[in-house]
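# Descriptive analysis of the structure
Listed below, chain by chain, are the residues.
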Amino acid sequence: MKKKLKALVPDTNLSDSNYALYCSYLDDALADKRVNNIALMGKYGSGKSSIIGTYFNVENQGKNLSFIKKLFNCSVLTEKNSSKRTGKDSRILRVSFATFSSQQNIDSKLEVDKQTTVSDSEIFANIINQIIYQIKPKKIPLTKFKIKRPLEIKIKLSACVEVLLIILWLLKPKNMDIPFLKNIDVIRYLPILIAILGSVILWNVLSRIEFSKLKISWKGNETEINLLQDKLFEKYIAEILYLFENTDKTILVIEDLDRFDDLRVFEKLRELNTKLNLAGDKHWRFIYLLKDEMFKNSKERVKFFDVIIPVIPFMTSNNSFDKLSQLFSNRSKVLLSILSGYIDDYRVLLNIYNEYSVYLDILDSNDRLQFSRDDKDQLLALIAYKNFNPKGFEDLQNGQGVLGNLIKSSLEDLNKKINDYGNQWDFNALEGDGSPEEREQNEELEQKIQEGKKKLQNFHLSSIKGYSETLQKENDNILCALIDSDIIKLNYRDIINQFYGDDSTLKFIRNLYSPVNNTNNQMLRLYQLDELLDRLEDNDYRRPQILNLDLAKWLKLNDLNHFQMLVQTAIDDNSGFKEKLLNDDPTMYENIIAGEEVQFDVTKLQPIKVLDIILNNRYKNNEKNRQQLKEWLKSLVNVGSAESLINILKSKNVYDEIKPIVIDVLPVPIKDIRIFDLKIQEYLVKEKKIENSFTNIINYYENVGDKLDENLIGFINQYHNVDFNFSGEDYNTGRIINFLNDTLRNAKLSYVAFQNIWMKCPISNFVISNSEQIENTSNERIQFLVEIGRVTIDVGIIKLIDSKGITVFDHRKDSFSSYLKDSDNVFDTGVHDIGSLFSYENKILINNIKRVIYENEISIKNQELLIELLIVDSEWNNKIFVDNLSILSVQQVINYANSNDKSLNGSQNTTKNKIGDKIFSIINENNRRRTGFSFVNNYEMKKLLEWLQTKADFDNFKIDNHGRLKPVGFKNSKKINTK
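All values derive from a computational prediction rather than experimental measurement.

A separate point is unusual backbone geometry. Phi at K688 is positive, roughly 55°, even though this residue is not glycine. In this fold, K688 is placed in the loop between α35 (678-686) and α36 (694-703). Phi at E857 takes a positive value of approximately 45°, unusual for a residue other than glycine. Tracing the sequence through the fold places E857 in the loop between α43 (840-856) and α44 (863-870).

Turning our attention to the packing of helix α38 (residues 733-745) against helix α39 (residues 751-760). It is at 11 Å that the axes of α38 and α39 come closest, and there the two elements cross at 150°. When the axes of α38 and α39 are compared, the pair comes out roughly antiparallel. The chirality of how α38 crosses α39 is left-handed. Taken together, the residues of α39 that come into contact with α38 (itself represented by F739, L740, T743 and L744) are F754, I757 and W758. Looking at side-chain class alone, the contact of α38 with α39 contains six nonpolar, one polar and no charged residues.

What follows concerns the packing of aromatic side chains. Inspection of every chain in the model, using the stated rule, returns 23 aromatic pairs. Seen in terms of ring centroids, Y854 and W876 are 6.4 Å apart; in terms of plane orientation they differ by 45°. Their pairing is tilted. Of the two residues, Y854 is situated in helix α43 and W876 in the loop between α44 and α45 (877-883); the sequence distance between them amounts to 22 residues. Here Y854 falls in the partly exposed class, since its relative accessible area comes to 33%. Counting every residue linked through ring pairs, the aromatic cluster contains Y751, F754, W758, F766 and F784. Here R270 stacks its cationic end above the ring of F304, 5.7 Å away from the centre of that ring.

As a further point, take helix α14 (residues 320-327). Those residues of α14 lying buried are S320, K323, L324, S325 and L327. Against the buried residues of α14 lie α15 (333-340) and α16 (346-365).

Positionally, N548 belongs in the loop between α26 (529-533) and α27 (549-558). Excluding anything up to four places from it in sequence, N548 contacts F508, N521, Q522, L524, L526 and F577.

Another point: a nonpolar patch on the surface. On the surface, L5, V358 and I362 cluster together to form a nonpolar patch covering roughly 230 Å² of accessible area. Within the secondary structure, V358 is located in helix α16.

About the cut-offs
- Sequence positions are assigned chain by chain, starting from 1 and proceeding in written order.
- Only residues with pLDDT of at least 70 get local features here, since the model is predicted, and only at 80 or more are side-chain atom pairs given and counted; chain-wide, interface and lining totals rely on the full set of residues.
- Heavy atoms from the whole structure form the basis of all side-chain values; hydrogens and water molecules are not counted.
- Working definition: helices are DSSP H or I runs of at least four residues, strands are E runs of at least two. Numbering for both runs from the N terminus.
- Lines fitted to C-alpha atoms define the axes, with helix axes restricted to the stretch in contact, and inter-axis angles between N-to-C directions lie between 0 and 180 degrees.
- Roughly parallel covers angles under 35 degrees, roughly antiparallel covers those over 145, roughly perpendicular covers 65 to 115, and oblique covers all other angles.
- Rotating anticlockwise by less than a right angle from the far helix to the near helix defines a left-handed crossing, while the corresponding clockwise rotation defines a right-handed one.
- Here, residues are in contact when the closest pair of their heavy atoms is within 4.5 Å.
- Amino acid classes used here: Ala, Val, Leu, Ile, Met, Phe, Trp, Tyr, Cys and Pro are nonpolar; Asp, Glu, Lys and Arg are charged; the rest, including Gly, are polar.
- Note on aromatic pairs: the rings of Phe, Tyr and Trp (six-membered ring only in Trp) are paired at centre separations within 6.5 Å, and the planes decide the class, stacked below 30 degrees, edge-to-face beyond 60, tilted for the rest.
- Burial status follows relative accessibility: with a 1.4 Å probe on protein chains alone, a residue under 20% of its type maximum counts as buried, one over 50% as exposed, and anything between as partly exposed.
- Here, over-ring charges are defined by two tests on the NZ atom of lysine or the CZ atom of arginine: distance to the ring centre within 6 Å, and angle to the ring normal within 35 degrees.
- Patch definition: residues with relative accessible area over 30% and no salt bridge; like charges joined within 9 Å; nonpolar side chains (Val, Leu, Ile, Met, Phe, Trp, Tyr) joined within 5 Å.
- Residue exposure ignores everything except the shown protein chains as possible cover, and the areas themselves are Shrake-Rupley values with a 1.4 Å probe.
- Here, a salt bridge means any Lys or Arg side-chain nitrogen found within 4 Å of an Asp or Glu carboxyl oxygen.

Structure, rendered in structure tokens:
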């Protein structure tokens, strides 16, 4: 049954007890002759207009028998004459103002300024304009304010007669065969008739002309009156008084004058009321319908009005629920409770009721639309929201706005999680291979996928993370409350858009048969799919315009044959529909790839089955797609997906361009590089994505042609702590030796990496036996090789390390460095045995070197090397010492001689003076004393005296009577530098 819509106009038939009180208040106010200005004050929508409308409604006056009958005793309202009225009292004037703002400017300061700067002249012009239309023109013939009306018939007839008379006068006919004019000289009186009739016509015409300016000139003096720009009230107060005095009205009702927030207008109206009551016999009352906050100063309010009648709102948030329950008795109490907190204007409530009634009538008349109780609650909620926020409702209807974006992002997140779990599957385990742990991991992932799909199926708006805070920031509290209570649900668009289902179907059919291939149908919402499918033929499914998400989802569930046809069309069309379809429903992946080879534009796709897409080349091989895949892989890969990525790298069918990207995101290093071809190996080593093992290093070295390329050097330098565990595998010893020799020649290899390789190399018996092998090797590396025993000590090696200024050991790393700082005193007898600083192995190496030097009589040029050799005791020390005196300082010679006095003397009894002391005396003291020194006669002392002869001033040395060597031929005494 069709529902009757409720008018939004004020109710002029109030009959409750509250109205009776207001009626009595108005009776009392109008009965008091002292009262001229009456105010009904209350908030917007409080019922002021309904109270006044009912009070002055003629039909109610006969029932109420209020004072208004007595007031107009000249025309007592009887059943007879009241039935001739229009339903409104004819003895009041009503003036109403209204201002409206668009949604865009509702909070705009510009709009406020525009309202508050309206001049009082404009307001009075509006008042006069409305009053004139309520007064019959014949009662105000002398007013200057005229209403434009069509000419009366009598004026039109007069004009026609005037024209005929003028024509007659101009023609002057001699004979006029008019019986009653035969004896009258008509021509003679025609001018008089023309003048009279013309004056009548001119008067009527001029009375309808409005002059904006009158200009009067008299003897050179001029005056100009601007009727439009002058202050209307002051200029035409007499004219305004004339209008009021010549009407049978005595009450002026003014509504909504407070919208202008201009108190000056009220002052002018009070002044007008005073003048009317002083100038005439009638008692004029002005009744104002105003909002409470119009007068911010209480004294101004009570000073201006004679009586103020406060109007308690007919509807507030306190009784809103009761009013809603009366109109929507079958709807959810929770919904009505929420709406009652936001509806406090009865007109808004009535408009919601009307709109809801229209939707229900359409629903009842259309068998296609089936709404449950919850659906009807949601429909009412959406209609109410439309009245509160029209722009927000439009966004809701189109799936846009804040809520639309929240839904889209939340669903995308859920789908992404499901796809992420799917991409973590281990393909080997899926095919029955893989370890129990891998299969168990797949089971856990499958469980998470099913849980995600369940969440997707049971998705609620209230489950969107952060929706409440986001909506509240937008001041959309009612929408937030309706979602919280699960009244507005995820299908809200279907609820409201089902009423327009026919339109979408027509659009779909129109686009389907359009000669232009477009994508307009792809996202179009379809609601009457069963009716639509009856109109389609097989050939239609091959048209690109057939592609539509709603249609595809319906076909998948109900018609697989046509669904596969549609999918094939999507593959052939290449317009991005297959990507949209997967984004909307990822479970369609297997259906889409079931046919021929499919390639996706992954830039339009969410991360769905990423590893499968890469492994099977199901994407267009271009830079944009590869970069998108890289971003997906970064967020998807983990240790569990490593095997799948390795399978991609091993596959010869996968695009080569994607493999470097896969290598970049590998979560774990490759254990065995041999499973890949050389190109992949090179990239793996370059990106340092292999395990740091000598197995991988030597295999790569072999594959690149037995050379240390930049990739391998970079890897070894970064991961220098190489694992030399060969796991029992047999390796080519010759290749490892080549590798080690290459490390000797390559300066780009870091010293730390070099040390690690030679210290841990599995071929422990490999040593450098030829000085030419290391002649281009850096000093610190040669020193290191000598120190660890990787060099055969022979003449060539000793000469090489001597010529390069290399010591046997790197003294920067041991305590011996502190003694070298004062090398002159390094052999001082007061110092404990420095040789104890060396380990047993060190001493063996040093002695081995000294033995070669001794046997081959090698001269040493490197002072540090010589010192290093001499501080460790051995049988070859003295000979090496005297053979290399030239590179030692005098002090070093003196200290060594004193420290080794006994061995230099050949184990003979020595005098109280040691050899070193004698040398010092010979060099520094007078002739008398130094001539008495003698030395044992042996090879070492002869070499020492030969050196001393170059430092002191004696001619030679001879064998004395005791068979000892004695310096002779001393000259002038002098003190030489002992350095």
